[in-house]
Structure formats: structure tokens, C-alpha cells
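# Geometric and topological summary
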Amino acid sequence: MTRIRAARIAVTAVVPAELGLVVCLAAGVRVPGWALAATEVVLVAVLLLEAWVLHGLYAAGRARGAGRGEARREAVRAVVPVQVRRLLRHELHALAALGRWTVRRRHGVRPGDLAVAYTGPQTAMMYGMLFVSVVETVALAFLIPWPAVHRVVLVLDVYGILIVLALHAACVTRPHVVRPDGSLLIRYGALFDLAVPPDAVASVRVERRYPEGRLVTLSEDGVLDLIVGSQTTVTLELNRPVRFTRPLGATAEARTVRFHADDPRALVTALRRQPATS
């Protein structure tokens with residue numbers, strides 16, 4: 001357990017440091033040779049530690065009879081913190097959504113499915129953030145007198161603009177989905193997915209609310225609010241708890257789900273057509 005803990009701490013500490021170094025190099029900053037060499041030595045040492053720990057866990061998994069793929073997944077889950085895995089996964093999926101958005105394709109929507117958008121309340125805010133980011137980037141280009149600092153800030157600003165676009169693209173290309181069998185997929189970009197089977201739906205109704213809190217808020221009595229633009233428009237009552245995963249990997253159960261849909265009546269009508277929904 002000690003070596004696994006050491007590997008988790010090492011990967012958590014080294015990834016941000018390596019990212020900072022990459023940003024500096026991409027910005028054209030001249031990193032001192034000793035600093036670059038020291039960083040690479042530490043990185044190689046961490047990679048060797050990770051490889052050693054992963055190999056030991058993989059071998060132990062294979063010895064227990066696990067398949068190769070299962071043993072690899074178990075080893076990675078043991079070494080890499082779930083928060084790091086989730087953040088990397090979210091970012092990669094969001095960046096992939098940019099390409100999907102460009103060609104007007106949607107993720108997880110099959111023939112016969114009803115796709116319901118939910119980006120209405122946040123679209124203006126997202127484009128406002130983009131406008132402010134672009135203005136800030138241009139302004140800092142004139143205000144920062146030091147070339148090295150200017151290049152680093154430029155890379156970070158451009159990357160920030162790209163991430164904001166990617167987050168919005170992920171929301172556009174990953175709508176809520178009502179399947180023909182009555183199952184419901186409630187989503188928010190690449191950050192949140194909740195699959196509700198048809199036999200878990202007790203009732204559904206249009207109900208506009210303005211709750212306070214973060215994107216994903218769970219009350220003590222099991223009411224889950226998935227808030228978009230400070231509002232929800234659909235209330236889904238469940239006849240049994242449904243487990244969901246928070247954006248950073250923690251799991252919980254909900255008995256009622258309140259979420260936003262741009263066309264809540266279409267979603268509610270589609271669900272009510274199913275015999276499992278009363």
C-alpha cells in the first residue's frame with residue numbers, strides 16, 4: 001500500500017508541473033538547461049515508479065485470474081487518482097466534441113431517439129465569456145511589457161478560449177436523450193451522465209424552478225438538481241433510487257431528479273407515452 005500511495009502522490013504532483021513546463025516551452029520561454037534537465041529527471045523517475053507499481057499490480061491481477069484488459073484497468077484505477085482520470089476524460093471528450101460540433105453530429109443519439117437540448121440558458125453567458133476572454137487576450141498583448149510573460153499568458157489565454165468553446169460544444173453535441181423503450185439519458189456535456197431505466201420512472205412533469213447551488217446539487221432527502229443557467233424545467237420522480245456519478249468521480253443516489261430542457265414539454269410528452277411512466 002505504501003508504494004501505491006507514493007505513486008498516487010507522485011503522479012498528482014508531477015502532472016501539473018509538467019503541464020506548466022509544456023506551457024512555457026510552447027510559449028517560447030527559454031527555460032534554463034538545469035531546470036529542464038531536473039524536471040525531466042524527476043519525470044523519468046516518476047514514470048519508472050509508476051511502471052514498477054503498475055507492473056506489480058498487473059501481475060497480481062493476472063495471478064488472481066483476471067484478464068489482461070481487466071488487470072490493466074484495475075492497476076490504473078489503483079495508481080491514478082479518480083479525480084485526475086475524470087478531469088483528463090472530461091477534457092478529452094470536450095475537445096473531441098469540437099470536431100463533432102463542426103460537422104453537426106451528436107453523441108449517443110440513435111435513429112428513433114428524441115434528442116432534447118438544454119443549452120438555451122447558458123449560450124449567451126458562454127459567448128459572453130468568449131468575448132471577454134478575447135478582449136482580455138488582446139489587451140494583455142499590449143499591456144504586458146515582458147516578452148516571456150506575454151507568451152506564457154498568450155498560450156494560457158488561447159487554451160482557455162479553446163476550453164470554453166469545447167465545453168459548450170460538448171453540451172450541444174451531448175443532449176438529453178429519450179429512447180424508444182422509455183429510458184432517459186440526462187446529461188451535461190462531458191461532465192455528467194445519468195441513465196434512468198424506464199421501470200425507475202414514477203412520474204414526470206414540467207416544473208420551472210430556480211434553485212441555488214452548483215451544477216450538480218444533491219439534497220439530504222435525495223433530490224438531485226442538475227442546474228443550467230440557474231434553472232431547471234423538468235422534475236422526474238423515481239420509484240427507486242438511481243445511482244449517479246458526480247463530475248469528479250464520487251457516487252451518490254437520487255430519488256428525484258430536477259434538470260433543465262429547452263423544450264421540457266416535448267421531453268415530458270415523450271416519457272409519458274411509455275407504459276412504465278404514470
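Residues numbered from 1 in each chain as written. Predicted model: local features only at pLDDT ≥ 70, side-chain atom pairs only at ≥ 80, totals over all residues. Heavy atoms only, no water.

## Thoughts on the pattern of salt bridges
When charged atoms on two side chains of opposite charge get close, those side chains can pair. Evaluated as defined, the whole model comprises seven salt bridges. With its nearest N and O atoms 3.4 Å apart, the salt bridge here joins Glu-253 to Arg-243. Of this pair, Glu-253 sits in strand E9 (residues 251-259) while Arg-243 sits in strand E8 (residues 232-245), and the two are ten residues apart along the sequence. Classification of Glu-253 by relative accessible area gives partly exposed; the value is 40%. Put simply, Arg-205, Glu-207, Arg-209 and Glu-237 are held in one network by salt bridges that share partners. (Salt bridge = Lys/Arg side-chain N within 4 Å of Asp/Glu carboxyl O. Helix = DSSP H or I, 4+ residues; strand = E, 2+ residues; numbered from the N terminus. Buried < 20%, exposed > 50% of the residue type's maximum accessible area, 1.4 Å probe, protein only.)

## Considerations on the confidence of the model for the protein chain
Should pLDDT be low for a region, the predicted coordinates there are not to be read in detail. Mean pLDDT over the protein chain works out to 79, with 71% of the residues at or above the 70 mark. For residues 25-29, every residue scores under 50 in pLDDT, and the model assigns this stretch eleven contacts once sequence neighbours within four places are set aside. (pLDDT = per-residue confidence, 0-100. Contact = heavy atoms within 4.5 Å.)

## Some words on the sheet that holds strand E3 (residues 184-188)
As summarised here, the arrangement of the four strands in space is E1-E2-E3-E4, forming an open sheet in which the pairing is antiparallel. One side of each edge strand has no neighbouring strand; the edge strands of this open sheet are strand E1 (114-116) and strand E4 (192-196). Averaged over all adjacent pairs, the angle separating strand axes in this sheet is 15 degrees, with direction ignored. (Pairing = 2+ DSSP bridges. Axes fitted to C-alpha atoms, helices over the stretch in contact; angles between N-to-C directions.)

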